[in-house]
Amino acid sequence: MMQDLAEILFSAEEIAARVKELGNQINKDYEGKELIVVGVLKGSLMFMADLIREIKVPLRYDLIAVSSYGASTSSSGIVRIIKDIDVSIQNEHVLIIEDIVDTGLTLRYLITTLSSRQPASLKSCVLLDKPSRRKTEIAPDYSGFVIPDKFVVGYGLDYAQRYRQLPMIAALKPEVYSTEKNSGKEEN
Ligand code: PRP
Ligand code: 7HP
């Protein structure tokens, strides 16, 4: 597995330190409020698990799973919900947790869909932001690290469902994915 990595971008320690900072910021911003945290499966699993343990305001969490229609998604923006959240978010303060915002189409879809349910507020927190790949103008409210246009894995992020268990975030060697047609964005 390690031989497939080109470079480590963020060590487990660097991630933990940044997650703590994000938690502190969220604690300040939501002081006196309650939160519903919505984690986006599957990539956000580790980030969400670590981040919510830094959040001191009362919260409930739920999970949503979305799927893109294979390669066409990056151009069409077609996203669908595979597993919806169970809780009502009407009049609640909602924070979407994502591992990465790349083209922005997934986050755009989530914001459009969840905001139609009339939450009191809706914000997004992403660990990684790849602004150079954007296909829609969208900026997360909280962002851990801005990264260049490299395909990254680890800490929940996958290529073909693998590498998620790595404790660090690393760029994958281009030769590992360049022969595949989808650059790791396969249909779920
Ligand atoms: C990844 C990631 C985001 C999305 C970001 O999900 O977790 O949800 O892609 O890409 P975008 O900004 O171009 O829409 P993926 O479909 O790989 O599913 P996963 O979380 O199960 O790995
Ligand atoms: C999705 C995704 N998944 C893993 N690594 C990346 O760099 C990615 N961009 N978009």
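The text that follows walks through the structure, step by step, so that each part is easy to find. (Residues numbered from 1 in each chain as written. Chains lettered and ligands numbered in written order. Predicted model: local features only at pLDDT ≥ 70, side-chain atom pairs only at ≥ 80, totals over all residues. Heavy atoms only, no water.)

1. A look at the sheet that holds strand 9 (residues 169-172)
Moving on, step 1. Across the sheet, which stays open at both edges, the 3 strands sit in the order 1-9-8 with antiparallel pairing between neighbours. The open sheet has two free edges, formed respectively by strand 1 (5-10) and strand 8 (152-153), since each of these has just one partner strand.
Moving on, step 2. The pairing of strand 1 with strand 9 spans 4 bridges and is antiparallel. Across the sheet, residue phenylalanine 10 finds its bridge partner in strand 9, namely isoleucine 169. (Pairing = 2+ DSSP bridges. Helix = DSSP H or I, 4+ residues; strand = E, 2+ residues; numbered from the N terminus.)

2. What about the packing of aromatic side chains?
Moving on, step 1. All told, the structure shown has 4 aromatic pairs when counted by the stated rule.
Moving on, step 2. Between phenylalanine 151 and tyrosine 159, the ring centres sit 6.0 Å apart and the planes meet at 85°, which makes this aromatic pair edge-to-face.
Moving on, step 3. When its relative accessible area of 8% is taken as the criterion, tyrosine 159 is described as buried.
Moving on, step 4. Taken together, the ring pairs in this structure connect Phe151, Tyr159 and Tyr177 into an aromatic cluster. (Phe/Tyr/Trp six-rings, centres within 6.5 Å; stacked < 30°, edge-to-face > 60°. Buried < 20%, exposed > 50% of the residue type's maximum accessible area, 1.4 Å probe, protein only.)

3. Regarding the nonpolar core
Moving on, step 1. In terms of nonpolar packing, the biggest core is built from 28 residues, with Ile26, Phe47, Leu51, Cys125, Leu128 and Ile169 touching the most fellow members.
Moving on, step 2. For this core, the secondary structure elements donating two or more residues are strand 1, helix 1 (12-29), strand 2 (35-41), helix 2 (45-52), strand 5 (93-101), strand 6 (121-129) and strand 7 (142-146).
Moving on, step 3. Look past the residues within four positions of phenylalanine 47 in its chain and what remains in contact with it is Val19, Leu22, Ile97, Glu98, Cys125, Val126, Leu127 and Tyr155.
Moving on, step 4. Residues Ile36, Val40, Ile64 and Val101 belong to the second largest nonpolar core, which totals 16 residues. (Core = buried A, V, L, I, M, F, W, Y, C linked by side-chain atoms within 4.5 Å. Contact = heavy atoms within 4.5 Å.)

4. Section: the pattern of salt bridges
Moving on, step 1. As enumerated under the stated definition, the model contains 12 salt bridges in all.
Moving on, step 2. The shortest N-O distance in the salt bridge between arginine 53 and aspartate 50 comes to 2.9 Å.
Moving on, step 3. For arginine 53, a relative accessible area of 58% puts it in the exposed group.
Moving on, step 4. Residues joined by salt bridges that share partners form a network here, namely Asp62, Lys83 and Asp86. (Salt bridge = Lys/Arg side-chain N within 4 Å of Asp/Glu carboxyl O.)

5. Some words on the packing of helix 1 against helix 2
The description of two helices packed together rests on the angle between their axes and the distance between the axes.
Moving on, step 1. For the pair helix 1 and helix 2, the least separation of the axes is 9 Å and the interaxial angle reads 55°. Regarding the angle of helix 1 to helix 2, the classification is oblique. The element helix 1 and its partner helix 2 pack so that their crossing is right-handed. Packed against helix 1, whose contacting residues are Val19, Leu22, Gly23 and Ile26, the element helix 2 presents Phe47, Asp50 and Leu51 at the interface.
Moving on, step 2. Residue classes in the contact of helix 1 with helix 2 are distributed as 5 nonpolar, 1 polar and 1 charged. (Axes fitted to C-alpha atoms, helices over the stretch in contact; angles between N-to-C directions. Parallel < 35°, antiparallel > 145°, perpendicular 65-115°, else oblique. Left-handed = near helix turned anticlockwise from the far one by under 90°. Nonpolar A, V, L, I, M, F, W, Y, C, P; charged D, E, K, R; others polar.)

6. Brief notes about the environment of valine 126
Moving on, step 1. Here valine 126 lies in strand 6.
Moving on, step 2. Aside from chain neighbours lying at most four places away, what touches valine 126 is Phe47, Glu98, Val101, Leu107, Pro140, Tyr142, Ser143 and Gly144.

7. Let's talk about the pairing of strand 3 (residues 59-68)
Moving on, step 1. Relative to strand 3, strand 2 runs parallel, the two being bridged by 7 bridges. Each residue of the ladder has a partner; that of valine 37, found in strand 3, is tyrosine 61.
Moving on, step 2. Traced from strand 2 through helix 2 to strand 3, the parallel crossover comes out right-handed.
Moving on, step 3. In this sheet, strand 4 (residues 79-83) lies alongside strand 3 in antiparallel orientation, the contact comprising 4 bridges. Along strand 4, the bridge assignment pairs valine 66 with isoleucine 81. (Right-handed = clockwise from strand over helix to strand, strands pointing away.)

Function cannot be inferred from these measures alone, as they are strictly geometric.
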